[in-house]
Amino acid sequence: MQIIKKLSEMIAEEIEDADKYARCALNYKATMPELADTFNRLSAEEMRHMQMLHEQVVRIIDNYRKEKGDPPAPMQAVYDYLHEKHMEAAAAVKAKQALY
């Protein structure tokens, strides 16, 4: 499914942006607290976007299961792999956000 691929790429981009903003928030926390707060909010917003996209992937897969049964094993394997990578990256971002 091309849409799963596209959404997975978008999820990765959201996580990367959230990480970038979280690092900036930590970097400017002591010297420019208002800017740091903005970066922290932006990081949280990117994670919200990631979650919204992830929910759509889950919905699409659930609908596929209802209509056609289990997805083909290769498709499921790719999704599982990307999902694990995304969740690991998201956890790293959340750890940075918690430091803030």
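Owing to the predicted nature of the structure, the values given are computational and were not obtained by experimental measurement.

## Brief notes about helix α2 (residues 33–68)
Since the α-helix turns once every 3.6 residues, residues separated by three or four places project in the same direction.
Next, step 1: Between its terminal C-alpha atoms α2 stretches 52 Å, which fits the 52 Å expected from 36 residues at 1.5 Å a residue.
Next, step 2: Tucked inside the fold, the buried residues of α2 contact α1 (2–28) and α3 (73–99).
Next, step 3: Once α2 finishes, G69 follows within two positions and takes phi at roughly 90°, a positive value.

## Overview of the nonpolar core
Next, step 1: Counting 14 residues, the largest nonpolar core has I11, I15, M47, M50 and V57 as its most contacted members.
Next, step 2: Of all the secondary-structure elements, those providing two or more residues to this core are α1, α2 and α3.
Next, step 3: Examining the composition of this core, we find that 6 residues originate from one element, α2, more than from any other.
Next, step 4: Apart from the residues lying within four places of it in its own chain, the contact partners of V57 are I4, L7, I11 and Y79.

## Examining empty space enclosed by the protein
Next, step 1: Scanning the entire structure with this criterion turns up 1 cavity of 30 Å³ or more.
Next, step 2: Its volume calculated, the largest cavity comes out at about 40 Å³.
Next, step 3: When residues in the lining of the largest cavity are grouped by element, the largest group, 4 residues, is from α3.

## With respect to the packing of aromatic side chains
Next, step 1: In the structure shown here, the tally under the stated rule is 2 aromatic pairs.
Next, step 2: Residues Y21 and F39 carry aromatic rings whose centres are separated by 6.1 Å and whose planes lie at 25° to one another, so their mutual orientation is stacked. Here F39 lies in helix α2 and Y21 lies in helix α1, a separation of 18 residues in the sequence. Accessibility assignment for this pair places Y21 and F39 in one class, buried.
Next, step 3: On the basis of an interplanar angle of 25° and a centroid distance of 6.0 Å, the ring pair of Y28 and F39 is categorised as stacked.

## Overview of α3
Next, step 1: Here α3 spans 39 Å end to end across 27 residues, near enough to the 39 Å set by a 1.5 Å rise per residue.
Next, step 2: Taken together, the buried residues of α3 touch α1 and α2.

## Notes on the packing of α2 against α3
Next, step 1: Running from N to C, α2 and α3 cross one another at 160°; their axes reach a closest spacing of 12 Å. Our classification of the angle between α2 and α3 gives roughly antiparallel. Considering the relative orientation of α2 and α3, their crossing is left-handed. Contacts from N40, S43, A44, M47, M50, H54, V57, V58, I61, Y64 and R65 of α2 reach α3 at M75, Q76, Y79, H83, M87, A90, V93, K94 and Q97.
Next, step 2: Of the residues that constitute the contact of α2 with α3, the class distribution is 12 nonpolar, 6 polar and 2 charged.

The rules behind each value
Think of each chain on its own: its residues are numbered from 1, step by step along the sequence as written. With pLDDT at 70 or above as the cut-off, local features in this predicted model cover only qualifying residues; side-chain atom pairs require 80 or more to be listed or tallied, and sums for whole chains, interfaces and linings still use all residues. Excluding hydrogens and water, the side-chain figures rest on all heavy atoms present in the structure. Think of it this way: any DSSP run of H or I at least four residues long counts as a helix, any run of E at least two long counts as a strand, and we number them from the N terminus. By this rule the span expected of a helix is its residue count minus one, scaled by 1.5 Å. Any two residues whose heavy atoms approach within 4.5 Å at even a single point are treated as in contact. Here, nonpolar core refers to any group of buried Ala, Val, Leu, Ile, Met, Phe, Trp, Tyr and Cys residues whose side-chain atoms link them within 4.5 Å. For each residue, the accessible area found with a 1.4 Å probe, counting protein chains only, is set against the maximum for its type, and the residue is called buried under 20%, exposed over 50%, and partly exposed in between. With a 1 Å grid spanning the protein atoms alone, the term cavity applies to any set of points in which a 1.4 Å probe fits but cannot get out, the term pocket to an open set with protein on both sides within 12 Å along at least five of seven lines, and the term lining residue to any residue with an atom within 4 Å of a point. Grid points are joined across faces, edges and corners, and a volume is the space filled by probe spheres set on the points. Two rings from Phe, Tyr or Trp (for Trp, the six-membered ring) form a pair when their centres sit within 6.5 Å of each other. Planes less than 30 degrees apart are called stacked, planes more than 60 degrees apart edge-to-face, and all others tilted. Lines fitted to C-alpha atoms define the axes, with helix axes restricted to the stretch in contact, and inter-axis angles between N-to-C directions lie between 0 and 180 degrees. Each angle gets one of four labels, with under 35 degrees taken as roughly parallel, over 145 as roughly antiparallel, 65 to 115 as roughly perpendicular, and the rest as oblique. For a crossing to be left-handed, the near helix must be turned anticlockwise from the far one by less than a right angle; the clockwise case is right-handed. Side-chain classes are defined by residue name, with Ala, Val, Leu, Ile, Met, Phe, Trp, Tyr, Cys and Pro counting as nonpolar, Asp, Glu, Lys and Arg as charged, and the others, Gly among them, as polar.

By themselves, these observations are geometric and do not establish any function.
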